[in-house]
Amino acid sequence: MAEVPLIAVLPSWLVRQKLLNPMLIQTGGTILAARLASIYGWAINLGGGYHHCSACEGGGFCIYADISLTIKFYQTFFQAKTGRRPKTLIVDLDAHQGNGHERDFGDDDDVVIMDVFNGQIYPGDYEAKQGIKIMKQVNSGIADDQYLSIVQDGLNEAYTVWGNSNGYDLVIYNAGTDCLEGDPLGRMNVSPAGIVKRDELVWNAAISRNNPIVMVLSGGYQKTNAKIIADSIENLVGKFTLLSGQKQDRVVSKTSDSKNKSTSNNDESWLQEGEEEEEMEQDHDSKEKGKEKMNL
């Protein structure tokens, strides 16, 4: 990672154990969250949101493209069950432009990207901006009232893209909290109460239309972020009665029973493949660690 040059001189097994494997697990968490959201209507991954990573390259502390991978998995799963591609909305409210998924889905007519970001900071990716259907660039120092108004305007636009307000088959919400006041990288001035209200706006747009929503946490570089995120999730749970336990498969199948059985097997493979990859990673780490000790 160019952002942390020290990593280049660390033993590979240590980098895998302390950095790559945890990020890989969080990437799997985002993919799993999409499947859970299709059943329960919502899911939150307490991690993920690596929105600077595309299918071709990483960047900005992002190594695995969890958002892009999740959409690809979901498109395959959804089309197998319904015979059509899902309509997907990415709501990226991290302070930084989400140039990774924008590069991957900018030309995909079935994916709408709404991005509200500080245009005065990293990454300033002009090419990726061409893939944003609803772009809201803001300036450093923006505070609650103006920010929340812009977010609501963006959501209103997102739900009229296809000429109706019925919504999407999947909403992925990149809920970065680096727009919080005092953040050294985001340079915005949104209050803790503003973060809670922002999240509520996004969830209300999805839940009120029965759109499955996946929330990932993305950036945020202050000690207070965890408490504010917890407060926001608690508010969402209470506001939308998220723990009512209602279960309903929102991906309605239009295929034969035999194909449903095949699709069910595909669902299980989401987890099986992840477990196999993790076992391979652990085996690789053990061998690398052994080589390092032998060299010593």
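Throughout what follows, the structure given in this document is the object of discussion. (Residues numbered from 1 in each chain as written. Predicted model: local features only at pLDDT ≥ 70, side-chain atom pairs only at ≥ 80, totals over all residues. Heavy atoms only, no water.)

**Comments concerning the pairing of strand β5 (residues 170-174)**
Counting buried positions along β5 gives five out of five residues, so the element sits mostly inside the fold. Residues Leu170, Ile172 and Asn174 of β5 are buried on one face, and the alternating residues Val171 and Tyr173, pointing to the opposite face, are buried as well. Bridge count for strand β2 (residues 88-92) against β5 is five bridges, and the pairing is parallel. Residue pairing across strands places Leu89 opposite Val171, the latter belonging to β5. Judged from the four bridges that link them, β5 and strand β6 (residues 213-216) form a sheet pairing that is parallel. Pairing of Asn174 across the sheet is with Val216, part of β6. Between the parallel elements β5 and β6, the chain passes through helix α6 (residues 192-207) in a crossover that is right-handed. (Buried < 20%, exposed > 50% of the residue type's maximum accessible area, 1.4 Å probe, protein only. Helix = DSSP H or I, 4+ residues; strand = E, 2+ residues; numbered from the N terminus. Pairing = 2+ DSSP bridges. Right-handed = clockwise from strand over helix to strand, strands pointing away.)

**Quick word on the packing of aromatic side chains**
Throughout the structure, instances matching the rule amount to four aromatic pairs. Put simply, the rings of Tyr74, Phe77 and Phe78 touch in pairs and so form one group of aromatic residues. The ring of Tyr159 has Arg209 sitting right over it, with the charged end atom 4.0 Å from the ring centre. (Phe/Tyr/Trp six-rings, centres within 6.5 Å; stacked < 30°, edge-to-face > 60°. Lys NZ or Arg CZ within 6 Å of the ring centre and 35° of its normal.)

**Thoughts on a nonpolar patch on the surface**
A contiguous nonpolar patch, built from Leu6, Val9 and Leu10 and spanning about 290 Å² of accessible area, is present on the exposed surface. Following the sequence through the fold, Leu6 ends up in the segment before α1 (12-40). (Patch = residues over 30% accessible without salt bridge, like charges linked within 9 Å, V, L, I, M, F, W, Y side chains within 5 Å. Areas by Shrake-Rupley, 256 points an atom, 1.4 Å probe, with all protein chains shown as cover. Salt bridge = Lys/Arg side-chain N within 4 Å of Asp/Glu carboxyl O.)

**Focus: the sheet that holds strand β4 (residues 134-138)**
Spatially, β1-β6-β5-β2-β3-β4 is the arrangement adopted by the six strands of the open sheet, whose pairing is parallel. The open sheet has two edge strands, β1 (42-45) and β4, and neither has a second partner. In this sheet, neighbouring strand axes are inclined to one another by 10 degrees on average, regardless of whether the strands run parallel or antiparallel. Packed on one face of the sheet, helix α2 (residues 66-82) meets β2, β3 (111-118), β5 and β6 and runs near 170 degrees to β5. (Axes fitted to C-alpha atoms, helices over the stretch in contact; angles between N-to-C directions. Contact = heavy atoms within 4.5 Å.)

**Focus on the pattern of salt bridges**
Inspection of every chain in the model, using the stated rule, returns eleven salt bridges. Asp108 is the partner of Arg85 in a salt bridge, and the nearest nitrogen-oxygen pair spans 3.0 Å. Here Arg85 is found in the loop between α2 and β2, whereas its partner Asp108 is found in the loop between α3 (99-105) and β3, with 23 residues between them in sequence. Judged by relative accessible area, Asp108 falls into the buried class, the value being 11%. Between Arg103 and Asp125 there is a salt bridge, with its nearest N and O atoms 2.9 Å apart. Taken together, the residues span a long stretch of sequence, with Arg103 in helix α3 and Asp125 in the loop between β3 and α4 (126-129) at a distance of 22 residues. You can call Arg103 partly exposed: its relative accessible area is 38%.

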